[in-house]
Amino acid sequence: MTNQEATNVAQNLKNPTFWKRLLFMMLFAVAYTLAEFAVWAAIIFLIFYNLFTGGSNERAVTFGRQASAYIYHLLLYLTYNTEERPFPFSDWPKPESMPTGLGRPLTSKPGEPATGNAPSSSADPATGTVQSAPEAAKINPTSSSEESSQAE
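Residues numbered from 1 in each chain as written. Predicted model: local features only at pLDDT ≥ 70, side-chain atom pairs only at ≥ 80, totals over all residues. Heavy atoms only, no water.

## Here's the deal with the overall build of the chain
And step 1. Helix and strand counts for the chain stand at 5 helices and 2 strands.
And step 2. Reading the secondary structure of the chain in the N-to-C direction produces α-α-α-β-β-α-α.
And step 3. Expressed as a percentage of its 152 residues, the buried residues of the chain come to 22%.
And step 4. Within the chain, residue pairs in contact and separated by at least 24 positions form 50% of the contacts whose partners lie at least 6 positions apart. (Helix = DSSP H or I, 4+ residues; strand = E, 2+ residues; numbered from the N terminus. Buried < 20%, exposed > 50% of the residue type's maximum accessible area, 1.4 Å probe, protein only. Contact = heavy atoms within 4.5 Å.)

## Structural notes on the UniProt feature "transmembrane region" (unreviewed entry) in the chain
And step 1. Taken from the UniProt record, the annotation "transmembrane region" (unreviewed entry) applies to residues 22–49.
And step 2. Span residues 22–49 is 100% helix and 0% strand, its end C-alpha atoms 40 Å apart. (UniProt positions renumbered as here; feature names shortened; annotations may be inferred.)

## Things to note about a nonpolar patch on the surface
And step 1. On the surface, Met1, Val9, Leu13, Phe18, Trp19, Leu22, Leu23, Met26 and Tyr80 cluster together into a nonpolar patch covering about 950 Å² of accessible area.
And step 2. Residue assignment for the nonpolar patch shows that the elements contributing at least two residues are α1 (3–14) and α2 (16–53).
And step 3. The biggest single contributor to the nonpolar patch is α2, with 5 residues.
And step 4. Along the chain, Tyr80 falls in the loop between α3 (58–78) and β1 (121–123). (Patch = residues over 30% accessible without salt bridge, like charges linked within 9 Å, V, L, I, M, F, W, Y side chains within 5 Å. Areas by Shrake-Rupley, 256 points an atom, 1.4 Å probe, with all protein chains shown as cover. Salt bridge = Lys/Arg side-chain N within 4 Å of Asp/Glu carboxyl O.)

## Some words on the packing of α2 against α3
If you want to describe how two helices pack, look at the angle between their axes and the distance between the axes.
And step 1. Contact geometry for α2 and α3: axes closest at 9 Å, N-to-C directions at 155 degrees. With respect to each other, α2 and α3 are oriented roughly antiparallel. Two packed elements cross with a definite hand, and for α2 against α3 that hand is left-handed.
And step 2. Classifying every residue of the contact of α2 with α3 gives 22 nonpolar, 1 polar and 2 charged. (Axes fitted to C-alpha atoms, helices over the stretch in contact; angles between N-to-C directions. Parallel < 35°, antiparallel > 145°, perpendicular 65-115°, else oblique. Left-handed = near helix turned anticlockwise from the far one by under 90°. Nonpolar A, V, L, I, M, F, W, Y, C, P; charged D, E, K, R; others polar.)

## Some details on the pattern of salt bridges
Oppositely charged side chains can form a pair if their charged atoms are brought close together.
And step 1. All chains considered together, the criterion is met by 1 salt bridge.
And step 2. A salt bridge links Arg21 to Glu83, with the shortest nitrogen-to-oxygen separation between them at 3.0 Å. Taken as a pair, Arg21 in helix α2 and Glu83 in the loop between α3 and β1 lie far apart in primary sequence, 62 residues in all.
And step 3. You can call Glu83 exposed: its relative accessible area is 58%.

## A look at the environment of His73
And step 1. Mapped onto the secondary structure, His73 falls in helix α3.
And step 2. For the pair formed by His73 and Pro93, sequence separation is 20 residues and the distance between their alpha carbons is 9.0 Å.
And step 3. In contact with His73, not counting residues within four places along its chain, are Pro86 and Pro93.

## Considerations on the nonpolar core
And step 1. Phe24, Met25, Phe28, Ala31, Ala35, Val39, Ala67, Tyr70, Ile71, Leu74, Tyr77 and Leu78 together form the largest nonpolar core, which totals 12 residues.
And step 2. Not counting the four nearest positions on each side in its chain, Phe28 is found in contact with Tyr70, Leu74, Tyr77, Leu78, Arg85, Pro86, Phe87, Pro88 and Phe89. (Core = buried A, V, L, I, M, F, W, Y, C linked by side-chain atoms within 4.5 Å.)

## A look at the packing of aromatic side chains
And step 1. If you walk through the whole model with that rule in mind, you get 10 aromatic pairs.
And step 2. Between Phe24 and Phe89 the ring centres are 5.1 Å apart and the planes differ by 90 degrees, which places this aromatic pair in the edge-to-face class. Note that Phe24 is positioned in helix α2 and Phe89 in the loop between α3 and β1, a separation of 65 residues in sequence.
And step 3. Overall, Phe24 belongs to the buried group, its relative accessible area being 14%.
And step 4. Exposure remark for Phe89: the relative accessible area of 45% places this residue in the partly exposed category.
And step 5. With 6.3 Å between their ring centres and 75 degrees between their planes, Tyr70 and Phe87 make a pair best called edge-to-face. Pair noted here: Tyr70 is in helix α3 and Phe87 is in the loop between α3 and β1, with a separation of 17 residues, a long-range link. (Phe/Tyr/Trp six-rings, centres within 6.5 Å; stacked < 30°, edge-to-face > 60°.)

This is the structure:
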């Protein structure tokens, strides 16, 4: 380590902003652990709820989506990807603005499993981008027929 680097480290150690961030990171690491536990509790609840009722509990699904988004925000902060502090220093994630998976609602109606077929997607091996089935057929029209003949 050069003398300049040692001086920079010493200055960083004296910087109150570093210590404040470190304190918040420790706080949010604890929040992450609690949120992860809550998500696992929701997962177990939803498994048993589905087992006994055959449906899905919309409130538990919404909570799982919110908690997952909160964990995502926590991890962004903990990995220095953002300076914006997660809840309680910002708003709690809202389910309306979060992705639901395959571009369709998780459930059709409260208590019923999702219905309908979402368009499938495939990765373009040349670019690595994901394309919907119609786009993939335009680029490589033989891929779907080859896949179906291999399945037989």
